[in-house]
Amino acid sequence: GVTFNSDNGETLEATSGNYVPGVFDVAHDHGLQTAFFAEKDKFRYLMRSWDAQRGGQDRTGVDNGRDKVDIDAVDDDSTIVAATVKALNDAATDLIFLHLRAPDSAGHLKGWLGADYMRAVRSVDQHLGSILDTLDQNPSLKERVTILVTADHGGPEGRRSHSAKELAADYTIPFIAWGNGV
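About the thresholds
Residues numbered from 1 in each chain as written. Predicted model: local features only at pLDDT ≥ 70, side-chain atom pairs only at ≥ 80, totals over all residues. Heavy atoms only, no water. Pairing = 2+ DSSP bridges. Helix = DSSP H or I, 4+ residues; strand = E, 2+ residues; numbered from the N terminus. Right-handed = clockwise from strand over helix to strand, strands pointing away. Expected span 1.5 Å × (residues − 1). Buried < 20%, exposed > 50% of the residue type's maximum accessible area, 1.4 Å probe, protein only. Arc of directions from axis to C-beta. Contact = heavy atoms within 4.5 Å. Axes fitted to C-alpha atoms, helices over the stretch in contact; angles between N-to-C directions. Parallel < 35°, antiparallel > 145°, perpendicular 65-115°, else oblique. Left-handed = near helix turned anticlockwise from the far one by under 90°. Nonpolar A, V, L, I, M, F, W, Y, C, P; charged D, E, K, R; others polar. Polar contact = N/O pair within 3.5 Å; in protein donor to acceptor, adjacent residues only side chain to side chain. Core = buried A, V, L, I, M, F, W, Y, C linked by side-chain atoms within 4.5 Å.

S.K.: When you look at the pairing of strand S2 (residues 71-74) in this model, what are you seeing that I'm missing?
M.R.: On a regular strand, one side chain projects to one face of the sheet and the next to the other, so that they alternate. Sheet topology places strand S1 (residues 33-38) next to S2; 4 bridges connect them, and they run parallel. When the bridges of S2 are listed, Phe36 appears paired with Asp72. Assessed by its sense of winding, the connection that carries the chain from S1 through helix H3 (residues 44-49) to S2 is right-handed.

See the structure below:
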């Protein structure tokens, strides 16, 4: 039911009329530590949806509380990537969500697959490289971490919008899985 692209001050529950559980509910309710890092202010909408006040009741095993996201932050890419590396190095962090905005911002501003967009993709690739370097330096992390890389949408070359349901470029996204056993 989310058809808007900003933080409207509400929650997923207010938008849909019912509490909307997510992967953070599953992980947290099983006693795992979670982290949510993003560059876009609009993601505060999601963080608020699973906070200590509005998160769902824990219905699995020991009651781990309503706050489904233990660590969360919205900031610029270097701060968010550093926080992600710190959370990775914290053996207690089990699930980390990281959203980097550079390709999306460049696509909307200058068009998808152009020079600015490709620079943004290279920038995100460098950030992912620093995360992979962290895993390479810590064999125990490398054994337990799985990384999924996706995008929130696609975009046709040269265009700055992505709302044509009939264009595969608008909804085709990369999906990359990396990790032990993948």
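S.K.: I tried to follow helix H6 (residues 115-136) on my own but got confused; where do I start?
M.R.: One turn of an α-helix holds 3.6 residues; hence residues three or four places apart share an orientation. In a regular helix each residue adds 1.5 Å, so 22 residues correspond to 32 Å; H6 covers 31 Å between its end C-alpha atoms and thus fits that length. Buried within H6 are the following residues: Tyr117, Ala120, Val124, His127, Ile131, Thr134 and Leu135. When H6 is viewed along its axis, its buried side chains cluster within an angular range of 110° and face the same direction. Seen from the buried face of H6, the exposed residues on the opposite side, beyond 90 degrees, are Ala115, Asp125 and Gln126. Along its buried surface, H6 packs onto helix H4 (77-89), strand S3 (93-99), helix H5 (102-110), helix H7 (139-144), strand S4 (146-150) and strand S5 (175-179).

S.K.: Can you walk me through the packing of H4 against H6 in this structure?
M.R.: Think of two packed helices as two axes; the pair is described by the angle between the axes and how far apart they sit. For the pair H4 and H6, the least separation of the axes is 10 Å and the interaxial angle reads 20°. As far as their axial angle goes, H6 and H4 are roughly parallel. Between H4 and H6 lies a crossing whose hand is right-handed. Each of Asp77, Val81, Thr84, Val85, Leu88 and Asn89 in H4 lies in contact with H6, whose residues at this interface are Ser123, His127, Ser130, Ile131, Thr134 and Leu135. Partitioned by chemical class, the residues of the contact of H4 with H6 number 5 nonpolar, 6 polar and 1 charged.

S.K.: Where do I start with unusual backbone geometry in this structure?
M.R.: Glycine aside, a negative phi is what most residues show, and trans is what most peptide bonds show. Phi at Leu113 takes a positive value of approximately 70°, unusual for a residue other than glycine. With respect to the helices and strands, the residue Leu113 is situated in the loop between H5 and H6.

S.K.: For this particular structure, what's the right way to read H5?
M.R.: The complete set of buried residues in H5 reads Pro103, Asp104, Ala106 and Gly107. Within H5, the buried residues cover an arc of 165° as seen down the axis, which keeps them to one side. Where H5 is buried, its residues meet H6. Within two residues after H5, Gly111 carries a phi angle of roughly 105°, on the positive side.

S.K.: Can you walk me through the side chain of Thr134 in this structure?
M.R.: Secondary-structure assignment places Thr134 in helix H6. According to the relative accessible area criterion, Thr134 is buried, its value standing at 9%. Within the structure, the side chain of Thr134 is placed 3.0 Å from the backbone oxygen of Ser130, a separation counted as a polar contact. Residues within four places of Thr134 in sequence aside, it is in contact with Val85, Asn89 and Leu141.

S.K.: What should I look at first to understand the nonpolar core in this one?
M.R.: Formed by 14 residues in total, the largest nonpolar core has its most connected members in Leu88, Ile131, Leu135 and Val145. The set of elements that each furnish at least two residues to this core consists of S1, H4 and H6. Those residues in contact with Leu135, other than ones at most four positions away along the chain, are Leu88, Leu141, Lys142, Val145, Ile147 and Trp178. Counting 10 residues, the second largest nonpolar core, distinct from the first, contains Leu12, Tyr45, Val69 and Val74.

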